[in-house]
Amino acid sequence: MVLLEAQEVTKSFGGVKALNGVDVTLQEGTITALIGPNGSGKTTFFNILTGVLPMDAGRVIFLGQDIGKWPAHRRAALGIARTFQNLQIFQEMTVLENVMIGGFRHTHSGFFGGGFGLPRARREMEQLRDRALELLERMGLAPYQGALAGNLPFGLQRKVEIARALSSRPRLLLLDEPAAGLTTKETLSIARFIQGLKEEGITVFLVEHDMDLVMGISEWVIVLNFGKKIYEGTPLAVKRERSVIKAYLGERGAQG
Amino acid sequence: MKRDYLLLLTLTVTILLLPPLLPGDYYVEVLLFAGINVLVALGLSLLTGYAGQISLGHAGFYGMGAYISGALTAHLGWPVPLAAITALLATAFVAALVGWPTLRLKGHYLAMATLGLGIILYILFVQLRGITGGASGLSGIRPVHLGDLYFDTPRRYCYLVWSIVVLAFLFSINLVHSRTGMALRALHYSEVAASTLGIDVAMYKLKVFVLSAVFAALGGILYAHYITFISPETFGFMYSVDLVVMIVLGGMHSIWGALLGGTFLSLLPEALHRLEDLEVMVHGLILLLVLIFLPKGFVGLIEKVGEKIHGAP
Amino acid sequence: MVNLIQYLFAGLTMGVIYALTGVGFNLIYNATGVINFAQGEFVMVGAMLLYTFQEVLHIPSPIALVLVVIGGIIVGLVFEHTVVKPLMPMGVITVIIGTIGASVVLRGGAMLIWGKDALAVSPLLSERPIFLFGAALNTQVLVVMAITALAVLFLWYFFSHTIVGRAIQACAMNPLAALLAGIPMEEMMALSFLLSGSLSALAGGLIAPITLAEYDMGTMLALKGFCAAIIGGLGNNPGAFVGGLLLGVMEGLSAGYLSSGYKDALAFLVLILILLWRPEGLISRGRGERV
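What comes next concerns the included structure. If you're wondering where the values come from, they're calculated on a predicted model, not measured in any experiment.

Calculation rules
- Residues numbered from 1 in each chain as written.
- Chains lettered and ligands numbered in written order.
- Predicted model: local features only at pLDDT ≥ 70, side-chain atom pairs only at ≥ 80, totals over all residues.
- Heavy atoms only, no water.
- Pairing = 2+ DSSP bridges.
- Helix = DSSP H or I, 4+ residues; strand = E, 2+ residues; numbered from the N terminus.
- Axes fitted to C-alpha atoms, helices over the stretch in contact; angles between N-to-C directions.
- Contact = heavy atoms within 4.5 Å.
- Buried < 20%, exposed > 50% of the residue type's maximum accessible area, 1.4 Å probe, protein only.
- Buried area = accessible area lost by both parts, 1.4 Å probe.
- Salt bridge = Lys/Arg side-chain N within 4 Å of Asp/Glu carboxyl O.
- Polar contact = N/O pair within 3.5 Å; in protein donor to acceptor, adjacent residues only side chain to side chain.
- Expected span 1.5 Å × (residues − 1).

## Some points on the sheet that holds strand E6 (residues 80-82) of chain A
Residues and elements named next belong to chain A.
So, step 1. Spatially, the six strands line up as an open sheet ordered E6-E7-E8-E3-E9-E10, and their pairing is mixed. In the strand order of this sheet, the two ends are held by E6 and strand E10 (228-233), each with one partner. With direction set aside, neighbouring strand axes in the sheet form an average angle of 20°.
So, step 2. As defined by bridge partners, E6 adjoins strand E7 (residues 172-176) across three bridges and the pair is classed as parallel. The partner of Ala81 across the bridge, within E7, is Leu173.
So, step 3. The strands that helix H1 (residues 42-49) touches are strand E3 (31-35), E6, E7, strand E8 (203-207) and strand E9 (220-225); relative to E8, the one it contacts most, it runs at about 145°.
So, step 4. Sitting on the sheet, helix H6 (residues 154-166) touches E6 and E7, and the angle it makes with E7 is about 165°.

## What about the pairing of E8 of chain A?
Residues and elements named next belong to chain A.
So, step 1. Of all five residues in E8, five are buried, a share of seventy percent or more.
So, step 2. Residues of E8 alternate between two faces, with Thr203, Phe205 and Val207 on one and Val204 and Leu206 on the opposite face, all of them buried.
So, step 3. Bridging between E3 and E8 involves four bridges; their strand directions are parallel. In the strand pairing of E8, Thr32 is matched with Phe205.

## Here we look at the interface of chain B and chain C
A common way to express how large an interface is: the accessible area buried when the components associate.
So, step 1. Chain B puts 45 residues into the contact, and the matching count from chain C is 46 residues.
So, step 2. A combined buried area of about 4000 Å² lies between chain B and chain C, and 83% of that area is made up of carbon and sulfur atoms.
So, step 3. Of all residues in chain B, Arg104, Tyr109 and Met112 of chain B give up the largest surface area on contact with chain C, accounting jointly for 18% of the area buried on that side.
So, step 4. The residue Lys116 of chain C makes a salt bridge to Asp277 of chain B at a minimum N-O spacing of 3.2 Å.
So, step 5. Our enumeration of links across chain B and chain C arrives at two residue pairs in polar contact (both at pLDDT 80 or more).
So, step 6. Mapped onto the side of chain B that touches chain C, the elements with two or more residues apiece are helix H4 (80-103), helix H5 (109-127), helix H11 (237-250) and helix H13 (279-293) of chain B.
So, step 7. Looking at which element gives the most residues to the side of chain B that touches chain C, the answer is H5 of chain B, with twelve residues.

## Here's the deal with helix H10 (residues 201-227) of chain B
Given 3.6 residues per turn, any residue in an α-helix points the same way as the ones three and four places further on.
So, step 1. Between its first and last C-alpha, H10 of chain B extends 39 Å over 27 residues, near the 39 Å set by a 1.5 Å rise per residue.
So, step 2. When you tally the buried positions in H10 of chain B, you get 22 out of 27 residues, the bulk of the element.

Take a look at the structure:
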C-alpha cells in the first residue's frame, strides 16, 4: 500500500533550484533510503515533507490526503515524525522530558486542564511518562533519564532524538543521517534498531551517507543530484548504476 | 515538582504569619502592593521564561483591568465580581487581537507591537475622559466585599491579594509541569522540532500571551479596587519596563523569579527612601548589570549556592 | 489647499525622521538579528546634544550638528561594546532585553542631565517662516529635507560603491559566507552600530527645532521608526525610507483632518495591519517569515 506520494516537488532558494520536480513513492512497511552528494537537496526534501519549509510547486499525498500545504504540526498529528541532521534536541529539558513530549499528539489536555490540575491532565502525564520510560529502557537510555539532554555526548543525543520521534508512535519516520558522527559499533546497533522498527510496522525513510548502512537495510534507494532524482531502484541496482557512481565520484570514478 | 509545591506551602505560611508581625499598616500596604507586582510579573515570566517572548505592553493590560473594572463599578454600579470578569475577558480579547498577527511570525515582533499597544492604551486612558476621568483620574471605584465581609483594611486586603497570588502560583506550577508546560518549554528551545511533534507553535504562544495578559489585568483589578482612585501615570511605559526588570532580576527561567524579583523591586524604593528621579536610571542599570553578570537572576544564584552546599551535582 | 500643503509638509518632515530612525533599526537588525529598543533614545540623545551645543554652549549651528553626529557615533559604539557584544552569546532575546535596559538608562540619564521639561532649540536658518503656495512653513523643514537628502546620497554611495559598504551587506545576507570570504565580522558589526547611532542622532538634531527636545521622546520615535522599517520590510533600507515618508504623510493628513489626539495611534495600527497582511513589507521581499 502506498503510504506517501510526493509529486513534482520543486523548491528554489533565491535563483538556485534546490529541488526540481522530484517524485517519490513510499510503500507502507518498507525502509527507503534517500542518497545523493552534499547539497543535492535531501534535507530540503525532508523539510518539505514534514512542513518545515513550504514548497514552490508539487503535491504531497499522505494516505490519500493532499497535505502539501498543511503546517508542520498538523502533519505530525497524522503520524509523520522525524529527526534532524543537526540535532534539534530540547537541550535544557531532561532526557525523560524530551521523550515524553514526543508523545504530544496522543494527549489532549490544554492550558485549563493543566493549570487546574484536572484528572485527565494528570492521567495523560502518567501515560506519557510510562510510555517514555518504556522506550528509554528499550533503547538503553534509562540510566540517563534525569540528565539534561544537552549535557549528553553526541551519540546519545541522536538516540534521544530517535526516541522522541518514536514516542509519537509514528506511521512514517524520517531519519536525517541517523549514523552521522557515530562509531562503527554504534552504527551497527542503529542498523539493527531500524530493522526492528520495520518489523513493528513503521515505515522508515532515511537520508544517510554511510553506504554500508544504506545498502544493508533499505529495500529501495532513491538518488538525488542537484535537486533532481537521477535514479531509483534496489540497493543492488543502485550500486551498479553508472549515473549514480558518476554523481558521487565524477567522470573518472565511473570509468575506473 | 514536589519542590515547587513545598515552596508554595512555605510561601503560604510566610504570608499568613507576616502581616501581624509588621510594625504598621504602612508596611502591610507595601506587602500588598508587592503582591500585586508579583502577580503581574508571574504572568510575564510565563510568557518570557516559557515561550521566549517579550511584552512591553503589560502596563496597558494592567491598566485595562483597573480601568474597565473600576469604571463599571464607579459609573454603572456593577458588582465587583461581574465588573472584574468583564475586565478580564476584554483584556484577553485585546491581547489575542494583538498577539495573533505578531506571534505567527518568526522573530520578536511581539515586543514592538506590545510597546505600541501600551502607548495606545495609555493615550486612551488619558483621552476617553467620559469613562476614565482623563488625566485627573477615575474616582469612586467600589471596594471589594464578600457578603458582609469588607476588605477595607490594609491587612484584610493584603490577605486577599496574596491568596490570589498563591492561587496563581498553584495554577502556574500545575501548568509548567503539565503537558502544556512541557510543550511551551520545548518550543522555546526549538520551534521547528516542537512543530514536528504536533505542537501548534503559534497557537501555544498566543495562548500563553493571553494568559499572561489576564494575570496583568487581574493585578490591575486588585489595585483599582483597593486604592479606589486611579490615574493614567500608574499604567505608563515605565511600569512595563519595571515588570521586565522584575523577572530578569528574579530569574526568567523559573516562575519563582517573579516572586523574588517582584518583591525586591517593590521594596527597593522603600529601602532607598524613594529614589525619586534616579529611579528610572537605577532600574535600567539593574536590568543591564543583572543580564551581564547574573543572567539567571536571584533564582540562579540560589541554585548555585545550593549546588555548592550539596556538593557538585 | 493651503492647509493640505501645510499638512503634507509637516508629514514629510516627520516622515524623513521616521525614515532615518527606520534605517537605524535596519542597520542593527541586519548586523545582529536584534530589534534595538534603544533606537529611539539614540534620536533623543541627538536632540539633547544639539540643545546643549547650540543653546548652552552657543556653538554655531552647522558645527553643532556635526558634533551631534559625532556624539551619535560614540553612543552607538559604546552601546555595541558594553551591551550588545557581552550579551550576544546568550541569545537574541537576552540582547533585546539588554537594549530595553540601555534605553531606560539613556532615558533616565537624560532626565537627570536635562530635566523633565521640553527644551526649545532654535532652527538652523531663521525663526521666520517662509511661504510656499500660501502655506507658512518652518524653515527647518527645508533644512531637514536637504540634509536628509545628503545623508541618503551618502548611504546609497556607501552601500553600492564602496568595498566596506558592500561587505556590510554581504554580512547581512549570508554571515557564514561573509566569514569564509574573510570579511572581519566584528569590525563590520561595530561599523553598523556606528552608522546606526550617527544617523539616529542626526535625526534627533534635525527634529529638535520642530518638536522640542524631551527626555522621553524616544519611545514614540522608536515605535514609528520601527513601523517605517516594517512597511518597507525589516532590513530593507530603501524600503524603510519609503515607509517613513508614507507613515509621516498619513500621520500629517490624519492629524490635520481627523484628530491630533489620536495621531500617535496611527503608527501602531499600521504596524499591526502590515504584520497581519504583509509581514514581508509593502516594498519588497523582507524577512518576516511565517512560522
